[in-house]
Amino acid sequence: MLFIILETESRSGLLAFVVVVILMLYKIFNQKIIFFFGLVMSTLLAACVFLVQHGAQLTTYFTGKTDSTSQRAFMYETIFQLCKEHYFLGVGIGVTPKFVFTALYGTSNIPDSMQRTMSAHNLWLSNLSDVGLIGFFPFVLLVIWFIVHAMKLYVQNKQLLAAIPICILIAFAAISFGSSSIFEMRIVWLGLGLALTIISLAEQKRDLQIT
């Protein structure tokens, strides 16, 4: 997974990967806090050595995509302006990419050489633009529910399985900002379904133990 992230130069993916690894290691070694502390310190020391030897390459990794970053900033600004022009009522499901493509290329017609349109590169802005505030808030409430229950499960349950939902949500957050088209990535939605299943089963087990 780390190799894929480095090869695709996904900055949000790299940050999410680091957070997920830390959460998983803590869940594995939470009963051995001294060992966990030593592991973290060793990792930080190794990271410092790596930065000293490959600092220039790492700096390029984060700052070498200026064109991509500028393009995304322009896309986000265009989408937010689109939301305001339609009074945050939405332009219709799946219509936002058309406006993004037009803003970038001056036409909504896709050239034969390209064979694809341009997505919003941001699930949250794309949702807000497509369905407006009325459709956006239920999705936000669902994500908040997910986060609360995933964190409760992570803190209260000592099993390694309890770390999976929060790790999936962290990965989802990174993908929703960094991916070109999260809608077509079925594995993302399957992952959220897996997280929901684990949360539901854990809560059912807890309720049975209480009764």
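Here's what I pulled together on the structure shown here. (Residues numbered from 1 in each chain as written. Predicted model: local features only at pLDDT ≥ 70, side-chain atom pairs only at ≥ 80, totals over all residues. Heavy atoms only, no water.)

1. Regarding helix H2 (residues 11-29)
Between the first and last C-alpha of H2 there are 27 Å, a value that for 19 residues agrees with the 27 Å anticipated at 1.5 Å per step. Gly-13, Leu-14, Ala-16, Val-20, Leu-23, Lys-27 and Phe-29 are the residues of H2 that are buried. (Helix = DSSP H or I, 4+ residues; strand = E, 2+ residues; numbered from the N terminus. Expected span 1.5 Å × (residues − 1). Buried < 20%, exposed > 50% of the residue type's maximum accessible area, 1.4 Å probe, protein only.)

2. Brief notes about the packing of aromatic side chains
Counting across every chain of the model gives five aromatic pairs. Taken together, a centroid distance of 6.3 Å and an interplanar angle of 75° make the contact between Trp-124 and Phe-172 edge-to-face. Of this pair, Trp-124 sits in helix H6 (residues 123-156) while Phe-172 sits in helix H7 (residues 164-178); the two residues are 48 residues apart in sequence, bridging distant segments of the chain. An identical accessibility class is assigned to Trp-124 and Phe-172; each is buried. Considering the side-chain rings of Trp-145 and Phe-146, the 5.7 Å spacing of their centres and the 75° angle between planes classify their relative orientation as edge-to-face. A relative accessible area of 33% means that Trp-145 is categorised as partly exposed. (Phe/Tyr/Trp six-rings, centres within 6.5 Å; stacked < 30°, edge-to-face > 60°.)

3. Quick look at the nonpolar core
Core analysis: the biggest nonpolar cluster contains 33 residues, and Leu-23, Ile-79, Trp-124, Phe-139, Ile-166, Ile-170 and Phe-172 have the highest contact counts within it. For this core, the secondary-structure elements that each account for two or more residues are H2, helix H4 (66-85), H6, H7 and helix H8 (186-210). Residue contributions to this core peak at eleven residues, all from H6. (Core = buried A, V, L, I, M, F, W, Y, C linked by side-chain atoms within 4.5 Å.)

4. Comments concerning a nonpolar patch on the surface
On the surface, Val-40, Met-41 and Leu-44 cluster together to form a nonpolar patch covering roughly 240 Å² of accessible area. Along the chain, Leu-44 turns up in helix H3 (residues 33-63). (Patch = residues over 30% accessible without salt bridge, like charges linked within 9 Å, V, L, I, M, F, W, Y side chains within 5 Å. Areas by Shrake-Rupley, 256 points an atom, 1.4 Å probe, with all protein chains shown as cover. Salt bridge = Lys/Arg side-chain N within 4 Å of Asp/Glu carboxyl O.)

5. Examining the environment of Met-24
Relative to the elements of secondary structure, Met-24 occurs in helix H2. Relative accessible area serves as the criterion here: at 23%, Met-24 is assigned to the partly exposed category. Taking the C-alpha atoms as reference, Met-24 lies 8.3 Å from Ile-164; in sequence the two are 140 residues apart. In contact with Met-24, not counting residues within four places along its chain, are Leu-160, Ala-163 and Cys-167. (Contact = heavy atoms within 4.5 Å.)

6. Observations regarding unusual backbone geometry
With a phi close to 55°, Tyr-87 is a non-glycine residue in the positive phi region. Mapping Tyr-87 onto the fold places it in the loop between H4 and helix H5 (96-105). For Tyr-87, a relative accessible area of 67% puts it in the exposed group. In this model, Phe-88 sits at a positive phi of 55°, which is unusual for a non-glycine residue. Counting through the fold element by element, Phe-88 comes out in the loop between H4 and H5.

7. Overview of the side chain of Asn-122
Tracing the backbone shows Asn-122 in the loop between H5 and H6. A distance of 3.0 Å separates a polar side-chain atom of Asn-122 from the backbone nitrogen of Trp-124. Those residues in contact with Asn-122, other than ones at most four positions away along the chain, are Tyr-76, Ser-176 and Phe-177. (Polar contact = N/O pair within 3.5 Å; in protein donor to acceptor, adjacent residues only side chain to side chain.)

8. Here we look at H6
The end-to-end C-alpha separation of H6 is 30 Å, well short of the 50 Å expected for 34 residues at 1.5 Å each. The largest bend in H6 comes to about 130°, at Gly-132. (Bend = angle between axes of the 7 residues up to and from the residue.)

9. Some thoughts on the side chain of Thr-96
Tracing the sequence through the fold places Thr-96 in helix H5. Judged by its relative accessible area of 0%, Thr-96 falls in the buried class. In terms of polar contacts, Thr-96 uses its side chain to reach the side chain of Asp-130, at 2.4 Å. With residues near it in sequence (within four places) discarded, Thr-96 still touches Ile-79, Val-91, Ala-120, Ser-126, Ser-129 and Asp-130.

10. Let's talk about the packing of H6 against H8
Following both chains from N to C, one finds H6 and H8 inclined at 40°, their axes separated by 10 Å at the closest point. The hand of the H6/H8 crossing is left-handed. Of H8, the residues touching H6 (which contributes Leu-123, Trp-145, Phe-146, His-149, Ala-150 and Leu-153) are Trp-189, Leu-192, Ala-195, Leu-196, Ile-198, Ile-199, Ala-202 and Glu-203. By residue class, the composition of the contact of H6 with H8 is twelve nonpolar, one polar and one charged. (Axes fitted to C-alpha atoms, helices over the stretch in contact; angles between N-to-C directions. Left-handed = near helix turned anticlockwise from the far one by under 90°. Nonpolar A, V, L, I, M, F, W, Y, C, P; charged D, E, K, R; others polar.)

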